[in-house]
Amino acid sequence: MKNYRKYLGIFYILAAFIIIPIYNKGTFDNLSQHKVEAFYLVNILFFIAYFVLGIISDIRKKNEDKLKNSTPSKDGASKDAQKTLDIAMGIYIFANFLSLLFSKNIENAFYGVPGFGMGFLSILLMGISYFYISRNVNLTEPVIHIIALSSLLPILLTIINRLGYDPFKMFNEGEYIRTHLYVSTIGNYSAFCAYMGIIIPIVCFMTFFAEKKTVRCIYGAFLALDIISIIMAGTSAIRIVTVFAFLLVLFWKIAPQLHIYQGAIIAVCVLFFLCYALFVSIGISNPDFANGRGFIWELTREMFRSFSIKQKMIGVGTNCYMYSLSDFLMKSPKYLEACNERFGNLALTSSHSEYLDYLINSGIIGLFSYGYVIYAALKTYSEMENANKFFRLSFLCIICYLLIVTVNFSNVLSTPFFFIFLGTLGYGKRALDR
């Protein structure tokens, strides 16, 4: 029972990576909702197991202490371990709870938009997984191998779909498979790109840093397969993230002792958000930018301007972008007409940029709390980046996720994995503090 947290954390991570991307009911109809349900199921089962095993472990520990006639020993982890990131995560969860509490769409803010499921419940589950599950896991090569292997089926199916074949009969009869919006067992190709924003950094890293040469060669072949899949079904964003991941890993290989100094962390965070603001401004100037995101970001800007002070500070409710936009369009005939011309009857559930989503859904407080999580992750990494190569892997996945969501939104195929790697960074800091 002594190491139950570690093994439970490993099984949780593997279950999330294996079950959520692959789970389906033989059709694309409501597939994203089915994946949300799979995400809930994985979390609930593991949380129950965690607390049951915790109770059993505490009982056994008390009995052993009585037999030894000694006081219970304390956990070796320092009370200050991982303090900054823990506080940041707590503030982030509270900011989203505040948004939920004052939302006029409380039920939708709690569960999230049907089919997306990124309401407060998902944020709470991911936060719990950070504090109690993944933070007890020390990543090792066997764990990474299984994570990488779990992506093989979705990636192969994506390539097969783009070649015009449907071995699992997921598509409806008569649909043109080669250019369809949906691929593999993943769903929308945008969700596939978000998922690959986590997988490709792992494969890139292991191509250079796996222990054995044979394994590195296998990962190299795997990386080639990944690249083929994103050429056939990916967006420009995931291709850019792939180049970034490859170059950063290559740089680490050439200069392994390069260190991020804590004094530069705030400057890096400020620079990132300034570049992001410039990027969005360029997008707004061109409505067709990034497949129509320029227009969506303009809508988002105008909607935010129309908010009350309270809404600007705490948002309209987690994952409630769609409902807020509907209210805004009813008061703005100009944008309603433009929106109908561009998207017809399609509902806009997101700004298609996670940071703008936080601004609308959780307000300025929510966006700043998320920025604080990013700062804390950088700070944590800077304190132990050279201690273990897999801490760098966690950091790489976090950075690539933050890049891909500049033009994408939170979903259960990528965001839970982002929180998992925040947790594994936490394990590294706690281990050093001991």
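Look a little higher up for the structure.
What counts as what
- Residues numbered from 1 in each chain as written.
- Predicted model: local features only at pLDDT ≥ 70, side-chain atom pairs only at ≥ 80, totals over all residues.
- Heavy atoms only, no water.
- Helix = DSSP H or I, 4+ residues; strand = E, 2+ residues; numbered from the N terminus.
- Expected span 1.5 Å × (residues − 1).
- Buried < 20%, exposed > 50% of the residue type's maximum accessible area, 1.4 Å probe, protein only.
- Arc of directions from axis to C-beta.
- Contact = heavy atoms within 4.5 Å.
- Phe/Tyr/Trp six-rings, centres within 6.5 Å; stacked < 30°, edge-to-face > 60°.
- 1 Å grid on protein atoms, 1.4 Å probe; cavity = no way out; pocket = protein on both sides within 12 Å on 5 of 7 lines; lining within 4 Å.
- Points joined across faces, edges and corners; volume = space filled by probe spheres on them.
- Patch = residues over 30% accessible without salt bridge, like charges linked within 9 Å, V, L, I, M, F, W, Y side chains within 5 Å.
- Areas by Shrake-Rupley, 256 points an atom, 1.4 Å probe, with all protein chains shown as cover.
- Salt bridge = Lys/Arg side-chain N within 4 Å of Asp/Glu carboxyl O.
- Axes fitted to C-alpha atoms, helices over the stretch in contact; angles between N-to-C directions.
- Parallel < 35°, antiparallel > 145°, perpendicular 65-115°, else oblique.
- Nonpolar A, V, L, I, M, F, W, Y, C, P; charged D, E, K, R; others polar.
- Left-handed = near helix turned anticlockwise from the far one by under 90°.
- Polar contact = N/O pair within 3.5 Å; in protein donor to acceptor, adjacent residues only side chain to side chain.

We now examine helix α9 (residues 213-233). Along its 21 residues, α9 runs 30 Å from first to last C-alpha, staying within 8% of the 30 Å computed at 1.5 Å per residue. Burial in α9 covers these residues: Tyr219, Phe222, Leu223, Asp226, Ser229, Ile230 and Ala233. Around the axis of α9, the buried residues are gathered within 120 degrees of arc, so they sit on the same side. Opposite the buried face of α9, at more than 90 degrees from it, the exposed residues are Lys213, Thr214, Cys217, Ala221 and Ile231. Considering only its buried residues, α9 is in contact with α6 (141-150), α7 (152-162), β1 (182-183), α8 (189-209) and α10 (236-254).

Time to look at the packing of aromatic side chains. Considering all chains together, one arrives at 38 aromatic pairs under this definition. Here the aromatic rings of phenylalanine 17 and phenylalanine 421 are separated by 6.2 Å at their centres, their planes lie at 65 degrees, and the arrangement is edge-to-face. Placement of phenylalanine 17 in helix α1 (residues 4-22) and of phenylalanine 421 in helix α19 (residues 415-433) is noted, with a sequence separation of 404 residues between them. No difference in accessibility class separates phenylalanine 17 from phenylalanine 421, as the two residues are buried. Through a chain of ring-to-ring contacts, the aromatic side chains of Tyr92, Phe272, Phe273, Tyr276, Tyr355, Tyr358, Tyr370, Tyr401, Phe418 and Phe419 assemble into a single cluster.

Take empty space enclosed by the protein next. Overall, the coordinates contain 2 cavities of 30 Å³ or more when judged by the stated rule. Taken as a whole, the largest cavity holds about 210 Å³ of empty space. In this structure, the largest cavity is lined by 18 residues; those nearest its centre are Met118, Asn319, Asp357, Asn361 and Ser410. Secondary-structure elements contributing two or more residues to the lining of the largest cavity are α3 (83-101), α5 (120-133) and α16 (354-361). When residues in the lining of the largest cavity are grouped by element, the largest group, 4 residues, is from α16.

The grouping of Ile18, Ile19, Tyr23 and Ile146 at the surface amounts to a nonpolar patch, some 300 Å² of accessible area in total. Secondary-structure assignment places isoleucine 146 in helix α6. Residue classification places isoleucine 146 among the partly exposed positions, given a relative accessible area of 37%.

In the contact formed by α1 and α6, the axes pass within 9 Å of each other and the chain directions differ by 10 degrees. Taken together, the axis directions place α1 and α6 in an arrangement best described as roughly parallel. Of the residues in α6, those in contact with Ile10, Ile13, Leu14, Phe17, Ile18 and Ile22 of α1 are Val143, Ile146, Ile147 and Ser150. In terms of residue class, the contact of α1 with α6 is built from 9 nonpolar, 1 polar and no charged.

Turning our attention to the environment of phenylalanine 421. Looking at phenylalanine 421, the relative accessible area reads 1%, which means it is buried. Counting along the chain gives 185 residues from phenylalanine 421 to serine 236, while the straight-line C-alpha distance between them is 24 Å. Beyond its immediate sequence surroundings of up to four residues, phenylalanine 421 is in contact with Phe17, Leu139, Ile198, Ile202, Ser394, Cys397 and Ile398.

Further remarks concern unusual backbone geometry. Of note in this structure, asparagine 30 is not a glycine but carries a positive phi near 60 degrees. Within the element layout of this structure, asparagine 30 appears in the loop between α1 and α2 (31-68). Look at asparagine 30 and you get exposed, because its relative accessible area is 58%. Of note in this structure, asparagine 291 is not a glycine but carries a positive phi near 60 degrees. Assignment of secondary structure puts asparagine 291 in helix α12 (residues 289-305).

Structurally, isoleucine 87 can be placed in helix α3. A C-alpha to C-alpha distance of 9.2 Å links isoleucine 87 and tyrosine 372, two positions 285 residues apart in sequence.

It is worth spelling out the packing of α3 against α5 at this point. Relative orientation of the contacting elements α3 and α5 amounts to 165 degrees, with a least axis distance of 10 Å. Classified by the interaxial angle, the pair formed by α3 and α5 is roughly antiparallel. Between α3 and α5 lies a crossing whose hand is left-handed. Listed contacts from α5 to Leu85, Asp86, Met89, Gly90, Tyr92, Ile93, Asn96, Phe97 and Leu100 of α3 are Phe120, Ile123, Leu124, Gly127, Tyr130 and Phe131. Among the residues forming the contact of α3 with α5, the class breakdown is 11 nonpolar, 3 polar and 1 charged.

Following the sequence through the fold, asparagine 43 ends up in helix α2. Here the side chain of asparagine 43 touches tyrosine 12 through a polar contact of 2.9 Å, side chain to side chain. Of note is the side chain of asparagine 43, whose polar atom sits 2.7 Å from the backbone oxygen of phenylalanine 39. Beyond its immediate sequence surroundings of up to four residues, asparagine 43 is in contact with Tyr12, Leu125 and Ser129.

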